[in-house]
Amino acid sequence: MLRAKKALNAALFAFALAPSLALAQAARTPTESVTVTGARNRQVLDNFVQSFAAPTQIIGKIARWENGICPITVGLRPEAAKFVTQRVRDIAAQVGAPVSRGKSCQFNIEIVFTTTPQGYMDNIRKNHPAFLGYHDNGRAEQTAKVSHVVQAWYTTATIDVNGWPQLDIGGNGAGLWLGNVFLPNARAYAVKGTRLGDGLRSSLYHVIIVADPNRLVEYEIGALADYIALLALSQLNSLDACQQLPSIVNLLASGCDRKANALSENDIAYLRGLYKMSPDTNLRSEKDQIAYQMEQKLKGR
């Protein structure tokens, strides 16, 4: 039976997925849950948020989508690609992330299944280095290094109080002229001066997610689509840390409890908290707001 299951999944990633299989797997719902009843459990949620949330390099805040997401999946048969893309869109709508509803949109989430992931990222490094996300001069090759079977690269932007965005790029792409003097890596923003925050916020601008199908034959497409959706909608701090609470992140992390084969209630609660928080406050406040929203969601409120 196990051999037959692996053969089926291998066939899937050999681009032979049938729509009925995708729909059957999509119907699966998470069975894990957690009951939050006291301060000790709130600390667990705080730790969960701490391990999930990756602050941006420029202003050190948590990025999320402000423009509608427009995902595309390539490298699978059309039925499978459509399933993964739609799953990302469905989860985004479920957690309150903006979703582009137009008949056509500019792709800002690229999900690429390729048997040569490093070659693909080397091409991105050479031709579209901004899509690697923030990196200093001389570190593009290291930034583009593929180290996980499913991995994401994030281009973020900083938006000031006037709504003016600037991409968070390093190296030769950043700097500011002050009169006749060029200040490398300097930036100018319109801010507000309060104790709660400066009014600046971080936004996701473009995400590339690369997956190696040769190393994923034992995983179901539904579980992988959920894993990819989490990467597409949030910038995670680590793909290797085992989560104390059930989480789809544990699916591909070495040595972790892999009970969750779909987005868990904790994952959904985190994403809801992310898209409910006030993005122009400080990092500590952002994390507190996400943990609070998680607590309320898991209590059924």
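Residues numbered from 1 in each chain as written. Predicted model: local features only at pLDDT ≥ 70, side-chain atom pairs only at ≥ 80, totals over all residues. Heavy atoms only, no water.

Draft legend 1. Highlighting the overall build of the chain. Within the chain one finds nine helices and eight strands. Once local pairs closer than 6 in sequence are excluded, the contacts in the chain between residues at least 24 apart make up 72%. About 14900 Å² of surface is accessible on the chain, with carbon and sulfur atoms providing 49% of the total. (Helix = DSSP H or I, 4+ residues; strand = E, 2+ residues; numbered from the N terminus. Contact = heavy atoms within 4.5 Å. Areas by Shrake-Rupley, 256 points an atom, 1.4 Å probe, with all protein chains shown as cover.)

Draft legend 2. Region of the structure containing the confidence of the model for the chain. Across the chain, the average pLDDT comes to 84, with 79% of residues at 70 or higher. A low-confidence stretch, residues 1-40 (pLDDT under 50), is modelled with 54 contacts involving residues beyond four sequence positions or located in other chains. (pLDDT = per-residue confidence, 0-100.)

Draft legend 3. Quick look at the nonpolar core. The biggest cluster of nonpolar side chains holds 64 residues, and the ones touching the most others in it are Val150, Ile209, Leu216, Leu231, Leu233 and Tyr270. Those elements giving two or more residues to this core turn out to be α3 (39-52), α4 (78-95), β3 (109-113), β4 (150-159), β8 (201-211), α7 (221-233), α8 (265-276) and α9 (283-298). For this core, the element with the highest residue contribution is α7, accounting for eleven residues. Apart from residues no more than four positions distant in its own chain, valine 150 is found in contact with Ile209, Val210, Ala211, Leu216, Tyr227, Ile228, Leu231, Leu239 and Leu252. Residues Ile124, Ala144, Ile208 and Val210 belong to the second largest nonpolar core, which totals eight residues. (Core = buried A, V, L, I, M, F, W, Y, C linked by side-chain atoms within 4.5 Å. Buried < 20%, exposed > 50% of the residue type's maximum accessible area, 1.4 Å probe, protein only.)

Draft legend 4. View of the pattern of salt bridges. Considering all chains together, one arrives at eight salt bridges under this definition. Between arginine 201 and glutamate 66 there is a salt bridge, and its shortest N-O distance comes to 2.5 Å. Here glutamate 66 lies in the loop between β1 (64-65) and β2 (71-74) and arginine 201 lies in strand β8, a separation of 135 residues in the sequence. Through salt bridges with shared partners, a single ionic network connects Arg42, Asp46, Glu295 and Lys299. (Salt bridge = Lys/Arg side-chain N within 4 Å of Asp/Glu carboxyl O.)

Draft legend 5. Spotlight on helix α5 (residues 117-127). Residues Pro117, Met121 and Ile124 constitute the buried set of α5. For α5, the angular spread of buried residues about the axis comes to 50°, placing them on one side. Buried residues in α5 make contact with β4 and β8. (Arc of directions from axis to C-beta.)

Draft legend 6. Focus on the side chain of lysine 61. On the secondary structure map, lysine 61 appears in the loop between α3 and β1. On the basis of relative accessibility, which here comes to 4%, the residue lysine 61 falls in the buried class. Among the polar contacts made by the side chain of lysine 61, one reaches the main-chain carbonyl oxygen of threonine 281 at a distance of 3.1 Å. (Polar contact = N/O pair within 3.5 Å; in protein donor to acceptor, adjacent residues only side chain to side chain.)

Draft legend 7. Broad picture of the state of the cysteines. Across all of its chains, the model carries two disulfides by this definition. Put simply, cysteine 70 and cysteine 105 are joined by a disulfide, and their sulfur atoms are 1.8 Å apart. Between cysteine 70 and cysteine 105, the disulfide has an S-S torsion of 75° and is therefore right-handed. With a gap of 35 residues between them, cysteine 70 in the loop between β1 and β2 and cysteine 105 in the loop between α4 and β3 connect regions that are remote in the sequence. Each sulfur of the disulfide joining cysteine 242 and cysteine 256 lies 2.0 Å from the other. (Disulfide = S-S within 2.5 Å.)

Draft legend 8. Quick peek at the pairing of β2. Here β2 shows a clear split, with Pro71 and Thr73 buried on one side and none of Ile72 and Val74 buried on the other. Pairing geometry for β2 and β3, over four bridges, is parallel. Looking at the pairing, threonine 73 lines up with isoleucine 111 of β3. Crossover handedness for the path β2 to α4 to β3: left-handed. (Pairing = 2+ DSSP bridges. Right-handed = clockwise from strand over helix to strand, strands pointing away.)

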